[in-house]
Amino acid sequence: MRQVLRRADFRLLFFGLIASMAAESILVLALAIWVKDITGSSGQAGMIIFAVVAPMLLAPLVGWFVDRFRRRPFLVGANLTVAVALTPLFAVRDRADAWVIYLVAVLYGLSYLAVSAALTGLIKVVVPDDLLAEANGALQTVRQGLRLGGPIAGAALYTAVGGWTVAAVTIAGFVLSALAIAVIRVREDPPEPSAPHWLTEAGAGLRHVAAHPVLRRITTGMAISIFMLGFNETLVFAYVDQGLHRQPGFVGVLSAVQGIGGLLGGALAAALIRRLGEVRTVALGMLALTPASLSFVVPHLWLSIPGMVFFGCGLSVTVVSFHTLLQRATPAAMMGRVAAGVDALISGPSAVAIAAGAGLVSVLDYRLLFVCTGLALLASGWSVWRSRLPGSANQHVTDDGQPAVATPRF
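Quick caveat: nothing in here was measured; it's all calculated off a predicted structure. (Residues numbered from 1 in each chain as written. Predicted model: local features only at pLDDT ≥ 70, side-chain atom pairs only at ≥ 80, totals over all residues. Heavy atoms only, no water.)

A.B. asks: Please clarify how the overall build of the protein chain should be interpreted in this entry.
C.D. replies: If you tally the helices and strands in the protein chain, you get 16 helices and two strands. Per-residue burial for the protein chain yields a buried fraction of 52% across its 410 residues. Relative to all contacts within the protein chain whose residues are 6 or more apart in sequence, the contacts with residues 24 or more apart total 83%. Accessible surface computed for the protein chain: about 17,700 Å², of which carbon and sulfur atoms make up 69%. (Helix = DSSP H or I, 4+ residues; strand = E, 2+ residues; numbered from the N terminus. Buried < 20%, exposed > 50% of the residue type's maximum accessible area, 1.4 Å probe, protein only. Contact = heavy atoms within 4.5 Å. Areas by Shrake-Rupley, 256 points an atom, 1.4 Å probe, with all protein chains shown as cover.)

A.B. asks: Is there a simple way to explain a nonpolar patch on the surface in this structure?
C.D. replies: Taken together, the side chains of Met47, Ile49, Phe50 and Val53 make up a nonpolar region of the molecular surface, amounting to roughly 380 Å² of accessible area. On the accessibility criterion, Ile49 (45% relative accessible area) is partly exposed. (Patch = residues over 30% accessible without salt bridge, like charges linked within 9 Å, V, L, I, M, F, W, Y side chains within 5 Å. Salt bridge = Lys/Arg side-chain N within 4 Å of Asp/Glu carboxyl O.)

A.B. asks: Teacher, can you tell me more about the pattern of salt bridges here?
C.D. replies: Close approach of charged atoms allows side chains of opposite charge to pair. One pass over the structure, following the stated rule, counts seven salt bridges. A salt bridge links Asp67 to Arg71; the nearest nitrogen and oxygen atoms lie 2.8 Å apart. The pair formed by Asp67 and Arg71 is uniform in burial state, with each residue classed as buried. Members of the salt-bridge network, linked through shared partners, are Asp67, Arg71 and Arg337.

A.B. asks: I keep staring at the nonpolar core and nothing clicks. Help me out?
C.D. replies: Counting residues in each nonpolar core, the largest one holds 47 residues, and the members touching the most others are Ile218, Tyr239, Leu254 and Phe322. The set of elements that each furnish at least two residues to this core consists of helix H10 (204–211), helix H11 (213–243), helix H12 (251–287), helix H14 (301–328), helix H15 (335–360) and helix H16 (366–386). In terms of residue count, the dominant contributor to this core is H11 (13 residues). (Core = buried A, V, L, I, M, F, W, Y, C linked by side-chain atoms within 4.5 Å.)

A.B. asks: Help me out: how do you make sense of H16 in this one?
C.D. replies: At 3.6 residues per turn, the α-helix brings residues three or four places apart onto the same side. With 21 residues, H16 should reach 30 Å at 1.5 Å per residue; the first-to-last C-alpha distance of 30 Å fits that figure. Every buried residue belonging to H16 is among Tyr366, Leu369, Phe370, Thr373, Gly374, Leu377, Ser380, Gly381, Val384 and Trp385, and all of these are buried. All buried residues of H16 project into a common sector of 140° when viewed along the axis, lining one side. Residue Asp365 occupies the N-cap position of H16, its side-chain oxygen lying 2.8 Å from the main-chain nitrogen of Arg367. (Expected span 1.5 Å × (residues − 1). Arc of directions from axis to C-beta. Polar contact = N/O pair within 3.5 Å; in protein donor to acceptor, adjacent residues only side chain to side chain.)

A.B. asks: Any chance you could explain the side chain of Gln258 here in plain terms?
C.D. replies: Position of Gln258 relative to the elements: it lies in helix H12. Beyond its immediate chain neighbours, meaning those up to four positions away, Gln258 contacts Gln144, Arg147, Met308, Phe311, Gly312 and Leu315.

A.B. asks: Which parts of the structure should I look at to understand the environment of Phe296?
C.D. replies: Considering the arrangement of structural elements, one finds Phe296 in the loop between helix H13 (290–295) and H14. Judged by relative accessible area, which is 4%, Phe296 ranks as buried. For the pair formed by Phe296 and Val371, sequence separation is 75 residues and the distance between their alpha carbons is 8.6 Å. When near neighbours in sequence (up to four residues on either side) are disregarded, Phe296 contacts Val236, Tyr239, Leu254, Ser304, Met308, Tyr366, Arg367 and Phe370.

A.B. asks: Would you explain the environment of Leu377 in this entry?
C.D. replies: Take Leu377: it is sitting in helix H16. A relative accessible area of 0% places Leu377 in the buried class. Distance in space between the C-alpha atoms of Leu377 and Leu229 is 8.3 Å, their sequence separation being 148 residues. Leave out the neighbours within four places in its chain, and Leu377 touches Ser225, Met228, Leu229, Met286, Leu289, Thr290 and Ser293.

A.B. asks: Would you mind going over the packing of aromatic side chains with me for this structure?
C.D. replies: The relation between two aromatic rings is expressed through the spacing of the ring centres and the mutual angle of the planes. Using the criterion set out here, one finds 10 aromatic pairs in the structure. Ring centres of Trp34 and Tyr158 lie 6.1 Å apart, and the angle between their planes is 50°; this geometry places the pair in the tilted category. You can see Trp34 sitting in helix H2 (residues 8–39) and its partner Tyr158 sitting in helix H7 (residues 132–161), a full 124 residues away along the chain. Here the two residues Trp34 and Tyr158 agree in accessibility, since each one is buried. Ring geometry for Tyr108 versus Tyr112: centroids 6.2 Å apart, planes at 50°, classification tilted. Of the two residues, Tyr108 and Tyr112 both sit in helix H6 (residues 98–126), four residues apart, roughly one turn of that helix. Relative accessible area serves as the criterion here: at 7%, Tyr108 is assigned to the buried category. The exposure class of Tyr112 is partly exposed, given its relative accessible area of 41%. Each residue in the set Tyr239, Phe296, Tyr366 and Phe370 is aromatic and connected to the rest through ring pairs, giving one cluster. (Phe/Tyr/Trp six-rings, centres within 6.5 Å; stacked < 30°, edge-to-face > 60°.)

A.B. asks: How should unusual backbone geometry be read in this particular structure?
C.D. replies: Trans is the prevailing form of peptide bonds, just as negative phi is the prevailing case for residues other than glycine. Even without being a glycine, His245 presents a positive backbone phi close to 55°. Its place among the elements puts His245 in the loop between H11 and H12. The exposure class assigned to His245 is exposed, which follows from its relative accessible area of 65%.

A.B. asks: Would you explain the side chain of Ser20 in this entry?
C.D. replies: Residue position: Ser20 is located in helix H2. Given a relative accessible area of 5%, Ser20 falls into the buried group. Discounting residues that sit within four places of it in the chain, Ser20 has contacts with Asn79, Gly173, Phe174 and Ser177.

This is the structure in structure tokens:
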């Protein structure tokens, strides 16, 4: 991590992203609390999360739009646009204005897709290929660190000084991010001319994944794993209630423990990628998700606490190695379409799993469901581990899906 932070261009990007990620970490929960405060409805508060993720349906189109611009100016504009999109929150006063919060949540969700797709491409431009894993690991470490305190800080800030102040703080974070990214010195190639039919271009990212032998296998495994983890999002409440006999708020304690594991995973990911290559590191991260599910089968904290550490660590390792794989196996010109398309393939079905988990837990024992998800995660991770390319165990990949053997560096 220290090596990539020696680069002045990445330090500016890193600082800018810390500002925007800090703003994001306090925003969504604060919006949900705000809706609960003015409407008195927990259901309406929960719909804020749906409003944020609903734009995922537009991911391929968003990716196509992102790829029509240079990454740095696009990110500057996107962060400033988010700041402007948050300003209607200053008009919220009572229950009749709840629609404004929902509108802001949808706009934020749409902008998050665009920023994520453009950021994946900009990192590929700013950072040399051999430092991509370190760069992604550094960002994931910060993201997990903010996961520990960001939502709590957002809730406390709203409770202490109200929604308008939360809006002002988050706007400042996005503006600061835009300013930091604006001064980065980077040379980017102009975007490729668009195809005659925009729909053809919008689907190019998914076609690239389907045609690339490694990306196709890994993305399939990731989609299955994230789908199964969607069940756990609901099952964990049954575990806390029926197993531990604690209040629902105790889920926040488990989430904080997961964040600790996430910090560890973000710090370890780059070293694992250098030793094992992206493919096996993705598989290793996915396999580490299994103990978390199985640890909930027996309702004891001495099992679930280390299980959540494994979960956080495995999730961070998986995310870092998968993003590094995407960047190394995708031409820069179509990075936005690939990143956004993969987000839709992986994250979209998880929403269905969350809803399905809520229904299943009412008719089946939650412990049986945890066993099923744990075994499915194990099978998915093992399948990815065995699907590695022939040759050296320390494998990296190229745009055409062939192995590129790299020498480990420690």
